[in-house]
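Breakdown of the fold
Now for the letters of each chain:
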Amino acid sequence: MASLEVFKEAKSKGEQEGCTRDGSVDLHGRPALRERTGKWFAGVVILLNQVWLAFFRCWSEFGAVLTRVLQQDNAGAANSVSKWTGTVYIFSLVGAFLSDSYWEDTTCAIFQVIFVIGLALLSLATQISLLKPRGCGRGTSPCKPHSSWEIGLFYLSIYMVALGNGGYQPNIATFGADQFDQEDPKEGRSKVSFFSYFYLALNLGSLFSNTILGYFEDEGMWALGFWASTASAFAALLLFLGGTKSYRHFRPTGNPLSRFAQVLVAALNKWREKIPPGEHNLYEAGADHGSDHTANGGARKMLHTQGFKFLDRAAFLTSRDSEQLKQNAYNPWRLCPISQVEEVKCILRLLPIWLCTIIYSVVFTQMASLFVEQGDAMNTNVSNFRIPPASMSSFDILSVAFFIFLYRRVVDPLVRRVRKKGSLTELQRMGIGLIIAVAAMLSAGIVECYRLKYAKKDCRHCQGSSSLSIFWQVPQYALIGASEVFMYVGQLEFFNAQAPDGLKSFGSALCMTSISLGNYVSSFLVSIVMKISTVDNMPGWIPGNLNKGHLDRFYFLLAGLTAVDLVIYIACARWYTSMKLEGNHGENNEEAGYGV
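Just so it is clear, the model here is predicted, and its values are computed rather than measured.

The helix and strand inventory of the protein stands at 19 helices and four strands. The buried share of the protein, taken over its 596 residues, is 56%. Expressed as a percentage of contacts within the protein between residues at least 6 apart in sequence, the contacts between residues at least 24 apart total 80%. Looking at the protein as shown, the accessible area adds up to about 25,100 Å², and 62% of this sits on carbon and sulfur atoms.

Here helix α6 (residues 148–177) contains 30 residues, and its C-alpha end-to-end distance of 44 Å stays within 8% of the 44 Å for a straight helix at 1.5 Å per residue. Most pronounced at glutamine 169, the bend in α6 amounts to some 25°, and the proline proline 170 follows within four residues.

So, about a nonpolar patch on the surface. A contiguous nonpolar surface patch, about 470 Å² in accessible area, is contributed by Leu442, Ile446, Tyr450, Tyr454 and Phe556. Along the chain, tyrosine 450 falls in helix α16 (residues 426–453). We classify tyrosine 450 as partly exposed; its relative accessible area is 44%.

Interhelical geometry of α16 versus helix α17 (residues 474–498) gives an angle of 160° and a closest axis separation of 8 Å. Judged by the inter-axis angle, α16 sits roughly antiparallel to α17. Judged by the sense of rotation from one axis to the other, the crossing of α16 with α17 is left-handed. Taken together, the residues of the contact of α16 with α17 break down into 19 nonpolar, six polar and three charged.

Before going further, it helps to examine the packing of helix α12 (residues 338–356) against helix α19 (residues 551–575). Orientation of α12 relative to α19, taken along the N-to-C sense of each, is 160°, at an axis distance of 9 Å. Judged by the angle between their axes, α12 and α19 are roughly antiparallel. You can see that α12 and α19 cross each other, and the crossing is left-handed. Seen from α12, the contacting residues are Arg349, Pro352, Ile353 and Cys356; seen from α19, they are Asp565, Ile568, Tyr569, Cys572, Ala573 and Trp575.

Our focus in this paragraph is the nonpolar core. Counting residues in each nonpolar core, the largest one holds 127 residues, and the members touching the most others are Ile353 and Phe554. Apart from residues no more than four positions distant in its own chain, isoleucine 353 is found in contact with Leu427, Met430, Phe494, Tyr569, Cys572, Ala573 and Tyr576. Core analysis: the second largest hydrophobic core is formed by six residues, Tyr407, Leu424, Ile436 and Phe486 among them.

What follows concerns unusual backbone geometry. Working note: non-glycine residues mostly have negative phi, and peptide bonds are mostly trans. Phi is positive for lysine 39, close to 55°, though the residue is something other than glycine. Residue lysine 39 is classed as partly exposed on the basis of its relative accessible area, which comes to 25%. Positive phi is not limited to glycine here, since phenylalanine 308 has a value of about 50°. By secondary structure assignment, the location of phenylalanine 308 is in the loop between β1 (301–302) and α10 (309–312).

The subject of this paragraph is helix α13 (residues 358–365). Of all eight residues that make up α13, seven are buried, and the element is covered over most of its length. Listing the buried residues of α13 in full gives Ile358, Tyr360, Ser361, Val362, Val363, Phe364 and Thr365.

Okay, the environment of isoleucine 387 next. Tracing the backbone shows isoleucine 387 in the loop between β3 (385–386) and α15 (393–418). Judged by relative accessible area, which is 11%, isoleucine 387 ranks as buried. Residues isoleucine 387 and aspartate 376, spaced eleven residues apart in sequence, show a C-alpha to C-alpha distance of 9.3 Å. Every residue in contact with isoleucine 387, bar those within four places of it in the chain, is listed here: Thr380, Val382, Met392, Ile470 and Phe471.

By the definition in use, this model includes eight salt bridges. Across the pair arginine 248 and glutamate 187 runs a salt bridge whose closest N-O atoms are separated by 2.9 Å. Separated by 61 residues along the polypeptide, arginine 248 in the loop between α8 (222–242) and α9 (256–269) and glutamate 187 in helix α7 (residues 185–218) bring together distant segments of the chain. A residue is classified by how much of its surface remains accessible, and arginine 248, at 0% relative accessible area, is buried. The exposure class assigned to glutamate 187 is buried, which follows from its relative accessible area of 5%. The partner of arginine 429 in a salt bridge is glutamate 493, and the shortest N-O contact between them spans 3.1 Å.

Time to look at the packing of aromatic side chains. Aromatic rings in a pair are described by how distant their centres are and how their planes are angled relative to each other. This model, assessed by the stated rule, comprises 21 aromatic pairs. Ring centres of phenylalanine 175 and tyrosine 247 lie 5.0 Å apart, and the angle between their planes is 75°; this geometry places the pair in the edge-to-face category. With phenylalanine 175 in helix α6 and tyrosine 247 in the loop between α8 and α9, the pair connects residues that are 72 residues apart, well separated along the chain. Taken individually, phenylalanine 175 and tyrosine 247 each receive the classification buried, so the pair is uniform in this respect. With 5.9 Å between their ring centres and 35° between their planes, phenylalanine 194 and phenylalanine 198 make a pair best called tilted. Taken together, the positions of phenylalanine 194 and phenylalanine 198, both in helix α7 and four residues apart, correspond to about one turn of that helix. On the basis of relative accessibility, which here comes to 2%, the residue phenylalanine 198 falls in the buried class. In textbook terms, an aromatic cluster arises when at least three aromatic residues are bridged by ring pairs, as seen for Trp40, Phe180, Phe194, Phe195, Tyr197 and Phe198.

A few words on the environment of tyrosine 576. Here tyrosine 576 shows up in the loop between α19 and β4 (581–582). Along the sequence, tyrosine 576 and leucine 427 sit 149 residues apart, while their C-alpha atoms lie 9.6 Å from each other.

Attention now goes to the confidence of the model for the protein. Taken over all residues, the pLDDT of the protein has a mean of 80, while the share at 70 or more is 85%. Considering each helix and strand of the protein separately, the mean pLDDT is smallest for helix α1 (residues 3–16), with a value of 46, and largest for α19, with 94. Note that residues 1–16 has pLDDT below 50 and, in this model, 21 contacts with residues that lie over four places away or in other chains. Segment residues 290–295 is flagged for pLDDT under 50; beyond a separation of four residues in sequence, or across chains, it makes 18 contacts in the model.

About the cut-offs
- Residues numbered from 1 in each chain as written.
- Predicted model: local features only at pLDDT ≥ 70, side-chain atom pairs only at ≥ 80, totals over all residues.
- Heavy atoms only, no water.
- Helix = DSSP H or I, 4+ residues; strand = E, 2+ residues; numbered from the N terminus.
- Buried < 20%, exposed > 50% of the residue type's maximum accessible area, 1.4 Å probe, protein only.
- Contact = heavy atoms within 4.5 Å.
- Areas by Shrake-Rupley, 256 points an atom, 1.4 Å probe, with all protein chains shown as cover.
- Expected span 1.5 Å × (residues − 1).
- Bend = angle between axes of the 7 residues up to and from the residue.
- Patch = residues over 30% accessible without salt bridge, like charges linked within 9 Å, V, L, I, M, F, W, Y side chains within 5 Å.
- Salt bridge = Lys/Arg side-chain N within 4 Å of Asp/Glu carboxyl O.
- Axes fitted to C-alpha atoms, helices over the stretch in contact; angles between N-to-C directions.
- Parallel < 35°, antiparallel > 145°, perpendicular 65-115°, else oblique.
- Left-handed = near helix turned anticlockwise from the far one by under 90°.
- Nonpolar A, V, L, I, M, F, W, Y, C, P; charged D, E, K, R; others polar.
- Core = buried A, V, L, I, M, F, W, Y, C linked by side-chain atoms within 4.5 Å.
- Phe/Tyr/Trp six-rings, centres within 6.5 Å; stacked < 30°, edge-to-face > 60°.
- pLDDT = per-residue confidence, 0-100.

See the structure below:
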């Protein structure tokens, strides 16, 4: 009997015995029992893990460390933060590849260990070598120049943090969603909800870190803040390991790069072949072709779709292929199952949507760099208390929490009543996120215009040099938070739902990699803007003294770029075609209504 039939028989037997229907297994590789594994118990453990990891998320401090401790200027620090943040998300591809191909949930534990080690090294480096003389980096108290090895140790530690954080982040989102059986209607709805709660957990943890760590930063207590981050990450690791017995798992599907290469090579080998219309000449593993070859183990079967017809040649069954199958001499570099071909088509269709999210990430990354620098040059005093500019991102987090609640409890039920097609699709929500991002940049630009109007141009140390209150930044942070709920939560749901079964972590990594490229594009834009705006000895748009620059023009530039990106995104979303899946009982589970 073919191995695919054995797998289906095992799943059918498992259903009768109270097991999950999606092929998930327990810690020992046995079919996962529905009542003893997964669901919200495992999901809540993973959500709490994320809250603890975010409680003392210290990279909001990196920009201030670079300017106050390492003495970089504003533009240089903004570029360094953007490059570091971009590298975090590039590492997400590494973690997703290892998870989908070989390690599965083990990837989450391994990269969390690397994350803890990186934070411990950063704490030691800051306490021992960077803060000299003691108390430097606070206000106008400068630190002594640092040697190359001290700076190198700092960068080594923060890039270990980048590797650890980037490696586990996409996998933990996918692993959390795997705790819900999408073949069960009730658990399927919980799986969709999980992504909203996952993003909310990240932000609620960050609310604590942005306020407490912001205070540590403002007081120059860098080492204490980093040690607190290390302790919080270690506690999160122990919590994750403690839930091991309750988790559901999926067996890794092997190296996706070789599967993609096989499709391309097989299609090129048959580029001269004339393919008749219809699907009866396309090969599918497990069909009656004299072979028991299976391409993807227990993954759901992907059905043939139109488009990218050249790739269909990889599955075209020639007389030569038929003879080889009868002799059990299957060659995957000449003939690929249609499910394998559809995997490649699926990824190719996702790429235009993914590219359109990069400009949004340019907007998003301004919160960690230019928004903070802008706030630092505003009036931050309330009575005798100084508000740390980095802590203003708390309004972004509160906005995320508010709009997640508003969307799930008010907007979504209302839309389902009004629209015959039901809820807004992920693509529609992502488009709304882009519209709100344009409004956020316009708000930031207008606030900067008024900040400059009330600023002291000739200040030497320009901290708090404008009489405009820092609370005028609240609208831009709140709008960014609202856009995240539509864009990033929608992205997580969309890429996870539309990625093939063996590439779910890769789907989550696409979301994070768009943030990565957004940071690199932001760094590139800052460099280009400074190069162009500093001709003829002009100070430029983003100088060290923002009162002599035009940060407002940079914000308006981003608003314009996002508006153009929205138009391109709408065209790509209209073109997008969803993948078609065959469920456990042979039904066609095509996801419909993904257009804008």
